[in-house]
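The residues making up each chain are set out below.
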Amino acid sequence: MPRRHALTRLTHVRPGSQELQTIADAFSGARKIVTIAGAGISTAAGIPDFRSSGGLYANGALFEEAAFFDSRRPLLFQTALHVRDLAAACQPTETHRWLASLRPKLLRCYTQNVDMLEAKAGLATGLGRRFDCIPLHGSLANLKCHLCHEAYEWEDYRRDIQDCNIDSNIEDDKSEDDEEESTLPCPRCNGRYEARKEAGMRLLPIGQLRPSMVMLDETHPHGEEIAHLARGDGLASPDLLLVLGTSLKVDGPKSLFRQFARRIRGQGGKIVYVNRTKPPSDCSALVDYWVQWDVDEWVRDLKGRQDQSGTGMRRGSARRASRRDRILPPKTHTLPAFGNIGAPQEPLGSRGNPIPLD
Ligand SMILES: [Zn+2]
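Worth saying up front: this structure is predicted, and the values here are computed from it rather than measured.

Draft legend 1. Spotlight on the coordination of the zinc ion. Only Cys-145 (SG), Cys-148 (SG), Cys-186 (SG) and Cys-189 (SG) from the protein reach the zinc ion as donors, at distances of 2.3 to 2.4 Å. One can describe the donor arrangement at the zinc ion as tetrahedral, given that its four donor atoms subtend angles of 106 to 117 degrees at the metal. In primary-sequence terms, the residues that donate to the zinc ion follow C-x2-C-x37-C-x2-C. Across this residue pair, the class does not change: Cys-145 and Cys-148 are buried.

This is how it looks when you write it as structure tokens:
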């Protein structure tokens, strides 16, 4: 049944609107903040997004699972390497740095971005409760084996990728020699294959390397773990949800948004959506404020208001929230700017929630 009353709750906020102060007050009073971030927080750093006219989908869908198995395969690897190189050279934006400054008030940042700029800004990034930032779509930090999940360095395969020494169809029947030359077989799987062959044992398949990001339309290998983590964060009673630089058009992040928004609103908290485009129609009823502005500009405005009022974070309440609800990662768990997020994780099996690219 339509909730007509809820549709009237969204307030459209533009630069200069007085509601910006209302939002700043809600931010200052919040004790636990959850954020869902998208490509809009990284474009100012020089990372292309996926949906705008100059974005990575401008020449047709590329980051989908089928591209591994057809003629788009070389282009997929080359584009992923190009974006990875861009990200490695980029610096975090105003928004990334601000997010890192929110700890321990920041209960969790869920990011759809694969550039790892959150980690470069100082947020402990990975899968698990001890991390500040959860990469919903993996990252471009490494290549990984699609079977055994072992991680590998891009640099070791740069020449093959740039020279297009990647077959366009790895499912075709081909000789063993062809396969060694034209695909990216996993060395670990290959070693196991050779050992079993030597021992006369039943042979197991050899995995292929791929970027360590989750493709559009692909089942997330850690979807169940992320869903479990989000449920736990919801039970920690966050009181502010910030949605930053994402259009929420993809089912996985949208589902995550709805889950948090319902819970936070049910407990009297606020939902703030900062993006140039309006929230999707099936999410707008759960948004209190739509700030139609560049995310970095909004962050600067918010910081300016806090400097003027001298409030900033309510440090006492944040510290209390930290002691009770958070286990901050020890230094050794903070990943480097382009660290490996995949290697330590145990695969959760084949059934996971689809959380594809935004
Ligand atoms: Zn492998």
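Draft legend 2. Highlighting the pairing of strand β9 (residues 270–274). Extensive coverage of β9 is indicated by the burial of four of its five residues. Strand direction decides the pairing type here: strand β8 (residues 240–244) and β9, joined by five bridges, are parallel. Along β9, the bridge assignment pairs Leu-244 with Val-274. Bridge analysis of β9 against strand β10 (residues 289–291) gives three bridges, and the strand direction is parallel. Considered in β10, the bridge of Tyr-273 is made with Trp-290.

Draft legend 3. Structural detail: the packing of helix α9 (residues 223–235) against helix α10 (residues 251–266). At a minimum axis separation of 10 Å, α9 and α10 run at an interaxial angle of 15 degrees. Considering their axes alone, α9 and α10 lie roughly parallel with respect to each other. Handedness of the α9/α10 crossing: right-handed. Of α10, the residues touching α9 (which contributes Ala-230, Arg-231, Asp-233, Gly-234 and Leu-235) are Leu-256, Gln-259, Phe-260 and Arg-263.

Draft legend 4. Focus on the sheet that holds β10. Here we have seven strands laid out as an open sheet, ordered β1-β10-β9-β8-β2-β3-β4, and parallel in their pairing. Two strands in the sheet have a free side with no partner beyond their single neighbour: β1 (11–13) and β4 (133–135). Geometrically, the sheet is characterised by an average inter-axis angle of 15 degrees between neighbouring strands, direction not taken into account. Sheet strands touched by α9: β3 (106–111) and β4. Its angle to β3, the strand with the most contacts, is close to 150 degrees.

Draft legend 5. Representation of the UniProt feature "binding site: Zn(2+)" (unreviewed entry) in the chain. As recorded in UniProt, the sites labelled "binding site: Zn(2+)" (unreviewed entry) are Cys-145, Cys-148, Cys-186 and Cys-189. In summary, the annotated positions, though distributed over 45 residues, converge in three dimensions, the widest C-alpha pair being only 8.5 Å. Judged by its relative accessible area of 19%, Cys-148 falls in the buried class. Setting aside its immediate chain neighbours within four residues, Cys-148 contacts Cys-186, Arg-188 and Cys-189.

Draft legend 6. Spotlight on the side chain of Arg-108. Checked against the element boundaries, Arg-108 lands in strand β3. Separated by 2.7 Å, the side chain of Arg-108 and the backbone oxygen of Phe-131 make a polar contact.

Rules and cut-offs
- Residues numbered from 1 in each chain as written.
- Predicted model: local features only at pLDDT ≥ 70, side-chain atom pairs only at ≥ 80, totals over all residues.
- Heavy atoms only, no water.
- Donors = N, O, S within 2.8 Å, 3.2 Å for Na, K, Ca; no water.
- Tetrahedral: all angles 85-135°; square planar, octahedral: opposite > 155°, others 65-115°.
- Buried < 20%, exposed > 50% of the residue type's maximum accessible area, 1.4 Å probe, protein only.
- Helix = DSSP H or I, 4+ residues; strand = E, 2+ residues; numbered from the N terminus.
- Pairing = 2+ DSSP bridges.
- Axes fitted to C-alpha atoms, helices over the stretch in contact; angles between N-to-C directions.
- Parallel < 35°, antiparallel > 145°, perpendicular 65-115°, else oblique.
- Left-handed = near helix turned anticlockwise from the far one by under 90°.
- Contact = heavy atoms within 4.5 Å.
- UniProt positions renumbered as here; feature names shortened; annotations may be inferred.
- Polar contact = N/O pair within 3.5 Å; in protein donor to acceptor, adjacent residues only side chain to side chain.

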